[in-house]
Amino acid sequence: MAARTPAEQALARSYTTGDGAVRFNVDDLALDHNPNRSVTLTYWLTVERHGRDTERWVFTLLWDDKSFVDVLTSPIPDPERLGQLVHLVRAALEEWWDTKGYNRRFAKMGRQLH
């Protein structure tokens, strides 16, 4: 297996939402670089919420913003742009989490594991 790029390492870090309500434990992350220069990020997550059972999910995000391809592939990405990428991907993950119950488009991005 090839070593992860700094962007892959940053995107694969577990984190807690700003309000502390949800912890996304990243069990694994796969990045698939598509021929059209988009990237498919597939997360295997264990989600923790206070007072609730943990849940395991697979979340798939098609990242078609080609302006970040260099950040994803660089051995030494610009730290500010890397931070922006991580922020944007986490925002998409949190939006999916918060809306998957009633937004059909977002619901299709994830599936619960048992």
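Owing to the predicted nature of the structure, the values given are computational and were not obtained by experimental measurement.

Peer 1: Help me understand the sheet that holds strand S2 (residues 22–33), please; the structure alone is not making it clear to me.
Peer 2: To summarise the sheet geometry, strands pair through backbone hydrogen bonds and adopt either a parallel or an antiparallel arrangement. Across the sheet, which stays open at both edges, the five strands sit in the order S1-S2-S3-S4-S5 with antiparallel pairing between neighbours. A single partner strand is all that each edge strand has here, and the edge strands are strand S1 (15–16) and strand S5 (110–113). For strand S4 (residues 55–63) and S5, the ladder comprises four bridges, and the chain directions are antiparallel. Residue Phe-59 lies in a different strand from S5, and its bridge partner there is Gly-110.

Peer 1: Just checking my understanding: could you explain the pattern of salt bridges for this structure?
Peer 2: Pairs may arise between side chains of opposite charge once their charged atoms sit close together. With the rule as written, the count across this model stands at three salt bridges. The shortest N-O distance in the salt bridge between Asp-28 and Arg-4 comes to 3.2 Å. Of this pair, Asp-28 sits in strand S2 while Arg-4 is found in the segment before helix H1 (6–11), placing the two residues 24 residues apart along the sequence. Between Glu-55 and Arg-49 there is a salt bridge, and its shortest N-O distance comes to 2.6 Å. Across this residue pair, the class does not change: Glu-55 and Arg-49 are buried.

What counts and how
Residues numbered from 1 in each chain as written. Predicted model: local features only at pLDDT ≥ 70, side-chain atom pairs only at ≥ 80, totals over all residues. Heavy atoms only, no water. Pairing = 2+ DSSP bridges. Helix = DSSP H or I, 4+ residues; strand = E, 2+ residues; numbered from the N terminus. Salt bridge = Lys/Arg side-chain N within 4 Å of Asp/Glu carboxyl O. Buried < 20%, exposed > 50% of the residue type's maximum accessible area, 1.4 Å probe, protein only.

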